[in-house]
Amino acid sequence: MDIGELLAFGVKNRCSGLYLSAELPPMIRVDGDVRRINVPAMDHKEAMSTSGQRGMQTFDMALHNLYKEGRIELEEALSNADSRSNLEAKISFG
């Protein structure tokens, strides 16, 4: 379940809050009570990478975009990446 689906679930269940923490299942607040949603926990990178279509991005995604736009050099992007090898592969292979 991605962020958009969690938000839709919250609206459908008339929740007043959606709580997300890395490595924990998401929770919603309904009528003052906080309830866990029965879905697996996502780590922060998984949550970000599945939500790119909504404008969210990881730091490495931002570096990739800056490199593609010609705003930074390749070595600057790679030296600042969270995962140099993953960013290098994305740049090389799309």
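Preceding this section is the structure that the text describes.
Every chain begins its residue count from 1, and numbering advances along the sequence as written. Local features in this predicted model are restricted to residues of pLDDT 70 or higher, and side-chain atom pairs are both shown and tallied only at a pLDDT of 80 or more, whereas totals for entire chains, interfaces and linings draw on every residue. Side-chain numbers here rest on the full set of heavy atoms in the structure, without hydrogens or water.

Enquirer: Which parts of the structure should I look at to understand the pairing of strand β3 (residues 33-36)?
Expert: Consecutive residues of a regular strand have side chains that alternate between opposite faces of the sheet. As judged from the four bridges shared by strand β2 (residues 27-30) and β3, these two strands associate in the antiparallel manner. Directly across from Met27, in β3, lies its bridge partner Arg36. Counted between consecutive antiparallel strands, the loop separating β2 from β3 contains two residues, among which Asp31 sits at a positive phi close to 50°. We treat two strands as partners when DSSP finds at least two bridges between them. Only runs of H or I of at least four residues qualify as helices and only runs of E of at least two qualify as strands under DSSP, and these elements are numbered from the N terminus.

Enquirer: What exactly am I supposed to notice about the pattern of salt bridges here?
Expert: As a working rule, side chains carrying opposite charge can pair if their charged atoms are close by. Here, a salt bridge means any Lys or Arg side-chain nitrogen found within 4 Å of an Asp or Glu carboxyl oxygen. Scanning all chains against the criterion turns up two salt bridges. Close ionic contact of Glu75 with Arg84 constitutes a salt bridge, the shortest N to O distance being 3.2 Å. With a 1.4 Å probe rolled over the protein chains alone, any residue whose accessible area is under 20% of its type maximum counts as buried; one over 50% counts as exposed, and the rest are partly exposed. Its relative accessible area of 46% is what places Glu75 among the partly exposed residues. Under the relative-accessibility criterion, Arg84 is labelled partly exposed at 36%.

Enquirer: So what exactly am I meant to see when it comes to the sheet that holds β3 here?
Expert: In a beta sheet, neighbouring strands pair by backbone hydrogen bonds and run either parallel or antiparallel. Strand order in the open sheet made by the three strands is β1-β2-β3, with antiparallel pairing throughout. What marks the edges here is a single partner per strand, and that holds for β1 (17-19) and β3. Across this sheet, the average inter-strand angle for adjacent strands is 25°, counted without regard to direction. By the bridge criterion, three bridges tie β1 to β2 in an arrangement that is antiparallel. Its bridge partner being in β2, Gly17 is matched across the sheet by Arg29. Note on geometry: axes are lines fitted to C-alpha atoms, helical ones only across the stretch in contact, with angles between N-to-C directions running from 0 to 180 degrees.

Enquirer: Just to check I follow, could you spell out helix α3 (residues 59-68) for this structure?
Expert: Residues spaced three or four apart along an α-helix face the same direction, because each turn holds 3.6 residues. Taken residue by residue, α3 has Asp60, Leu63 and His64 as its buried positions. Looking straight down α3, one finds its buried side chains confined to an arc of 100°; they lie on one side. Buried residues in α3 make contact with α4 (74-80) and α5 (84-93). Remark: Gly70 follows α3 within two positions and exhibits a positive phi of approximately 80°. Note: the arc covers the axis-to-C-beta directions of the helix. Only heavy atoms enter the contact rule, under which two residues are in contact if any of them lie within 4.5 Å.

Enquirer: What exactly am I supposed to notice about the nonpolar core here?
Expert: A general trend in soluble globular proteins is that nonpolar side chains are found buried together. Nonpolar core, defined: a set of buried Ala, Val, Leu, Ile, Met, Phe, Trp, Tyr and Cys residues in which side-chain atoms within 4.5 Å join the residues together. Leu63, Ile72, Ala77, Leu78, Ala81 and Leu87 together form the largest nonpolar core, which totals six residues. With sequence-adjacent residues up to four places away left out, Ala77 is seen in contact with Leu63, Tyr67, Ile72 and Leu87. Counting five residues, the second largest nonpolar core, distinct from the first, contains Leu6, Ile28, Ile37 and Val39.

Enquirer: Explain the packing of α3 against α5 here, please?
Expert: Any two packed helices are characterised by the angle at which their axes cross and by the distance between the axes. Where α3 meets α5, the axes come as close as 10 Å, and the angle between the chain directions of the two elements is 40°. Taken as axis vectors, α3 and α5 run oblique relative to one another. Seen along the crossing, α3 lies across α5 with a hand that is right-handed. The residues of α5 that touch α3, namely those facing Asp60, Leu63, His64 and Tyr67, are Leu87, Lys90 and Ile91. An angle counts as roughly parallel when it lies under 35 degrees, as roughly antiparallel when it exceeds 145, as roughly perpendicular when it falls between 65 and 115, and as oblique in every other case. Handedness of a helix crossing follows the sense of rotation of the near helix relative to the far helix, less than a right angle counterclockwise being left-handed and clockwise being right-handed.

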